[in-house]
Structure formats: C-alpha cells, structure tokens
Amino acid sequence: MYSFEPTEEQQMLIEAVGKYAINDLRSAAHEAEESRELQKKLVSKGWELGLLQASVPESYGGFGERSAVTGVLALEGMSFGDLAGTLAVLTPGLFATPILLVGSEEQKQTYLPKVIEGDWSPYTSAFIEYAFDFDPNALKTTATLMGDDYILNGEKAFVPFAKDAEKILVYANLDGSTQGFIVDKNTAGLRVSDEREKLMSLNALPLYRVKLDNVKVPSSNRLGGAAGHDFELILASMRVATAATAVGVANAAFEYARDYAKEREVFGVKVAQKQAIAFMLAEMRTEIEAIRLLTWEAAWKLDTGKEDAYIEAYLACTGAVDMAMMVTDRGVQILGGHGYIREHPVEMWMRNGRGFAMFTGLAIV
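Described below are features of the structure shown in this document. Small disclaimer: the values here were computed from a predicted structure and weren't measured.

Examining helix α7 (residues 231-263)
Between its terminal C-alpha atoms α7 stretches 49 Å, which fits the 48 Å expected from 33 residues at 1.5 Å a residue. For α7, the buried fraction is high: 25 of the 33 residues fall into the buried class. For α7, the side-chain oxygen to backbone nitrogen distance between the N-cap and Glu232 is 3.0 Å, and the N-cap itself is Asp230.

What follows is the structure, encoded as structure tokens:
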C-alpha cells in the first residue's frame, strides 16, 4: 500500500515550489504571455530549487534519487503558478531524465554532470511531430543504421529552446521501435526554424520546428548504447508529467473561479450561491481530485515497478486531458464576461487546457 502523506522532504519541496509558483511564476505569467518572453532570472530562480538535481544521484552530479511521485508533486505545484514557466524551468530534464532512466553508464557519466552541476542551460528533446495521427510508437522521423552511424530524417514540432540548445535528444523510428539519439547542435543537416511556433497558448515558452536532413549520429549516441532502450518507461514518465501539469493548471482555474464566485455579487446575491454555479464548482473539484489521485497512483506504480504502471500512466494522461479542458472552460464561464477579458488569468488557463492533448513530451518526471 502507499500513503497519501508526503514525506518530510516532499513537504519541504511542496512548500518551496508553492511559494515560487505564486510569488514568481503567477505574478509574471500575464506579462510573459503577452510579450512572448520569460525573464531569464525567473527561470534561473526556478532552476535553483533543484528539482532535477534532487532526482539525480551524487555520482552523476546531483544530490538525490529519482522519484516519480516527488516529480508529480513538484510539477503540479509549479504548474499551479504558470504552465509555460514550469516547462521552461524543467526543459533540461527532457534531456537528462531519459538518460538517467535508460542511458548507458558512459552516457550518464558524460552528460548528466554537464546538465546538473551548472546554471540552467538549454538542453532539450525533440519528440512531438506535427501530424493529426501522431503516434509515439510509430514516429514518422526515421533512423537508419549505416555502418557505425545512424542517419536521421524527419521533422519535429514544439521543441523547447531548440534555437539555443546545446544538445537535443531526438526520438526516431528505428525498425519499428522508438529510440532516442543524442544530437549536437552543430551537426550537419540539423536545422532549427528561424521563427518560433505560433500557438494558442504557451506563448512565453520558445518552441521551434526542427528538421533533420540526413543527420549523421555516431552509434555511441544512441540512447542506451548499442543495445538501445525500452521506450515505454520514458513515454509513461512523460504521460504522468502531462497529467500532473494538467492537474496544476485545472486547480488554478478552479480556485480562481471559486474565489471570484464567493466574492462577486449579482442582483444582491453571491454568484457562488447560485445553484448552477455551485454544482459547476463541485463537479470541477470532483474531477480534479479524481485525476490527481489517478496520477499519484500511476507515479507510485512507476516508482515501485508495478506491471500495470504504463497502463495507469496512459489512463491518467487521457483523463487529465478531458478534465483540464472541462475545468478551465467552466472557470471562464463562472466569471461570465470577465472570464473573456485577458486581465483575468482564466482565459489563459483555458487556452492551456485545450493544448494538453498534444503536450505529452514537453515534461517528464
């Protein structure tokens, strides 16, 4: 059995992340979204919390051990402040965590200290593809073995900080299996779009298209070494992370709408006293709690190696996608006309909520 009570270390982390989420991320979110720019000092402050560093053993430059449960708690708490800022702070984890999970010993020794020991640096990964039938287990980007090298061809979408990335972990289809390849930013044939992606939300997060035209990667840069790796663990960790961020954003929308409804009067009656609004709020809270518990359970099963962990991760992510859209949409509804005004954050959270169906791959625990 597992406990819902956080450990002392987890509680300290939750409190530290919560303060950063409200005092720093939330207060800067509106301006960052409008200006399409996150302040570097904001990202650096989040990096200094040490979320990624605490999940990497001392032998690789960190000061802890990986825990999907701890990662979920941190992601949920930080996303409560702002999703774009959260994804920016944790972008180096997209590169480091898969190496920690399934990388070869040589890859761990070579790359993890570089990511962990210094200041925040734009290491990233390229996973998502721009296709309505995008399937993580049947990627259009291909890898072909030629001699001692792999040749990568394809196009990736929504790659965070790709323009300045030191290295990119590119996922490709190798003989029907999804595999990761470590690609240096100066590799011939690797092209990053000049313009950033233009999306409904996450405008503060710099996302780019990445094209691979006969990109040659040495076999030693295949994630896991010559034998490769099991992609299912990485995918499950991505899905649990997506669910956790969805819970954080949805909870932010719920609490904002709830507080507004309790304070706002219409014809002499508090909005929250209207039965239709009260029922809305109750259903929003119910769905948030249901997905939160499912997400925590999936993370616990990943940590303990349960056989059905990957199924639970899929269910948590799928449920979170629908839950986040419903909750954030109702948050806008409860504010009425004010919900449509950009001065209130609920409209931004609704735009975030619409995107969770395609955000898997932008975070990992």
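Having put the structure on the table, let's press on.
What about the pairing of strand β4 (residues 167-174)?
Taken across its 8 residues, β4 has 8 buried, putting it largely inside the fold. Here β4 shows a buried face lined by Lys167, Leu169, Tyr171 and Asn173 and a second buried face lined by Ile168, Val170, Ala172 and Leu174. The pairing of strand β1 (residues 124-126) with β4 spans 3 bridges and is parallel. Within the sheet, the bridge partner assigned to Ala126 lies in β4 and is Val170. Where β4 lies against strand β5 (residues 177-184), 8 bridges are found, and the strand directions are antiparallel.

Structural notes on the side chain of Gln179
Within the element layout of this structure, Gln179 appears in strand β5. Overall, the relative accessible area of 1% leaves Gln179 in the buried class. Here the side chain of Gln179 touches Ser177 through a polar contact of 3.3 Å, side chain to side chain. When neighbours within four sequence positions are excluded, Gln179 is seen to be in contact with Val170, Tyr171, Ala172, Leu174, Arg222, Leu223, Gly228 and His229.

Focus on unusual backbone geometry
Backbone geometry places Arg36, a non-glycine residue, at a positive phi of 60°. Relative to the helices and strands, Arg36 resides in the loop between α1 (8-35) and α2 (40-47). One non-glycine residue, Asp175, lies in the positive phi region at around 55°. Of note, Asp175 is situated in the loop between β4 and β5. A residue is classified by how much of its surface remains accessible, and Asp175, at 77% relative accessible area, is exposed.

Definitions and limits used
- Residues numbered from 1 in each chain as written.
- Predicted model: local features only at pLDDT ≥ 70, side-chain atom pairs only at ≥ 80, totals over all residues.
- Heavy atoms only, no water.
- Helix = DSSP H or I, 4+ residues; strand = E, 2+ residues; numbered from the N terminus.
- Expected span 1.5 Å × (residues − 1).
- Buried < 20%, exposed > 50% of the residue type's maximum accessible area, 1.4 Å probe, protein only.
- Polar contact = N/O pair within 3.5 Å; in protein donor to acceptor, adjacent residues only side chain to side chain.
- Pairing = 2+ DSSP bridges.
- Contact = heavy atoms within 4.5 Å.

The values reported here are purely geometric and, on their own, carry no functional implication.
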